[in-house]
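# Architecture at a glance
Here is what each chain is made of, one letter per residue.
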Amino acid sequence: MTSPSDSGPATANPMWGGRFAESPSEIMERINASVAFDRRLALHDIRGSKAHAAMLAAQGVLSGEDDAAIQDGLDRVAAEVEAGVFHFDPALEDVHMNVEARLKTLIGDAAGRLHTARSRNDQVATDMRLWLRDTLDAVEHGLRGLQAALIAQAEVHAATVMPGFTHLQPAQPVTFGHHLLAYVEMFGRDRGRLADGRARLNECPLGAAALAGTSFPIDREATAAALGFDRPAANSMDAVSDRDFCLEFLASGAICGVHLSRLAEELVLWTGPAWNLARLPDRLTTGSSIMPQKRNADAAELVRGKAGRLAGALVALLTVLKGLPMAYGKDMQEDKEPVFDAAETLMLAIPAATAMIEGLAVDRDAMRAMAARGFPTATDLADWLVRALGLPFREAHRAVGRLVKAAEEAGCGLADLPLDAMRKIEPGIDMSVYDVLSVEASVSSRTSFGGAAPDRVAQAAAEARRRFLS
């Protein structure tokens, strides 16, 4: 009669069941399985395995015959994954075991030799770096496209006057092109953060094994080079436990999400009937099931909302990692879903924002009219008093405050306030003051580097095209 301990390995997980007398419970299988989401690593897992097998063969750890069989088998598995016919079995826990099990079905015992001198710990760390490296490149490319759309609109609207705001109140006139170039700079910093993170993640964990390295004579430099990494990770414990590269991506993604949200909020304001400064094409808006007149900027609202998911993904992984001792813990399986979700969110929100900027139709007259409201040339008047009359700026500031109050009481703008009324407040004012009181004059005077003068904006757009798109 067979004892329970004798029969255990036959029913336990075939990949690691030798130590156990019984199979995992149903709830253990469910909480332990990750293949539902880590399956997207399959092609990167295969790429890493091919490089590992080739290195083992070059070092004499694996025979040339086994290496050839493994390489061919992995190519066949990759073809099945690419064709969408590969069967991912949740009972095999993760993508690594699924690939290995399929490989064994295709080539037999040689598949079991592939796992020599590695662990799933260094294997998954490598897969995540390979996957995230490609993802960073895709997100960065998307942001470049968004910058291109913003720069193109900025070139068209270098001289289109619009109100500039502080505290969401009219402050000083700027141009629409100048406003859009601010976002070009923001997304440029996002691209820079992605590039910095990519450079730091480009170290290869393979060969760290479970945490302590391996006694086999492996060549980690060769594996790293084969996979396009700059170098092997220097410390085996850090190699398997590091998820800083995931955190950096999520932090960069959260900041980018905030930038996208700020742009989306302005699109909602600009295109709403209360402002009516611009219009989105019908293909990027939606209607209402009950109110026939509605034309909602839902694409912008959804982009705005995605910032919450991106910030949440960062907080989630920070919380998972904050108390983990060295080296690997199964908690780290929780890195994937936030990272995958953040990548998908960015790759949806960025093209949506790009499409809205490309399709945005600006009402120049409406922008110019709004730019004239709220005494936007008050600072220009104060500057004129300093230049023309030699007043200290604080004294000029007080005088202009009184002039604004007088214009407000008269129901007119500063440019329409009669000279006599101005002189009652500041006797030295003469007719030349009116040269600085139009919104066009105000904008044109902002010629300092980075300023809003149309010529400066045109130059800045050309420079942005060179810096970010060439």
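Residues numbered from 1 in each chain as written. Predicted model: local features only at pLDDT ≥ 70, side-chain atom pairs only at ≥ 80, totals over all residues. Heavy atoms only, no water.

### What about the overall build of the chain?
When helices and strands are tallied, the chain shows 19 helices and six strands. For 470 residues, the compact-globule estimate of 2.2 N^0.38 gives 23 Å, and the C-alpha radius of gyration of the chain, at 31 Å, exceeds that figure by more than 25%. With respect to the principal axes defined by its C-alpha atoms, the chain has extents near 115 × 55 × 40 Å. Each of the 470 residues in the chain was classed as buried or not, and the buried ones make up 47%. Put simply, of all contacts in the chain between residues at least 6 apart along the chain, 74% involve residues at least 24 apart. If you sum the accessible surface of the chain, you get close to 22300 Å²; carbon and sulfur atoms cover 54% of it. (Helix = DSSP H or I, 4+ residues; strand = E, 2+ residues; numbered from the N terminus. Rg over C-alpha atoms; globule rule 2.2 N^0.38 Å. Buried < 20%, exposed > 50% of the residue type's maximum accessible area, 1.4 Å probe, protein only. Contact = heavy atoms within 4.5 Å. Areas by Shrake-Rupley, 256 points an atom, 1.4 Å probe, with all protein chains shown as cover.)

### Overview of the packing of helix α7 (residues 120-156) against helix α8 (residues 176-201)
Orientation of α7 relative to α8, taken along the N-to-C sense of each, is 165°, at an axis distance of 9 Å. Taken together, α7 and α8 sit at an angle that is classed as roughly antiparallel. In this structure, the crossing between α7 and α8 has a hand that is left-handed. (Axes fitted to C-alpha atoms, helices over the stretch in contact; angles between N-to-C directions. Parallel < 35°, antiparallel > 145°, perpendicular 65-115°, else oblique. Left-handed = near helix turned anticlockwise from the far one by under 90°.)

### A closer look at the packing of helix α4 (residues 42-58) against helix α6 (residues 95-107)
Two elements in contact, α4 and α6, have axes whose closest approach is 10 Å; the angle formed by their N-to-C orientations is 65°. As for the relative orientation of α4 and α6, their crossing is right-handed in sense. Between α4 and α6, the contacting residues are A42, D45 and I46 on the first element and V95, H96 and V99 on the second. Of the residues in the contact of α4 with α6, the class split is four nonpolar, one polar and one charged. (Nonpolar A, V, L, I, M, F, W, Y, C, P; charged D, E, K, R; others polar.)

### Quick notes on the side chain of N296
Along the chain, the position of N296 falls in the loop between β5 (278-279) and α12 (298-321). Not counting residues within four places of it along the chain, the set of residues in contact with N296 comprises T285, T286 and G287.

### Overview of the confidence of the model for the chain
Across the chain, pLDDT averages 94, with 96% of residues at or above 70. Predicted confidence for residues 1-12 stays below pLDDT 50, and this span has 11 contacts to residues more than four positions away or in other chains. (pLDDT = per-residue confidence, 0-100.)

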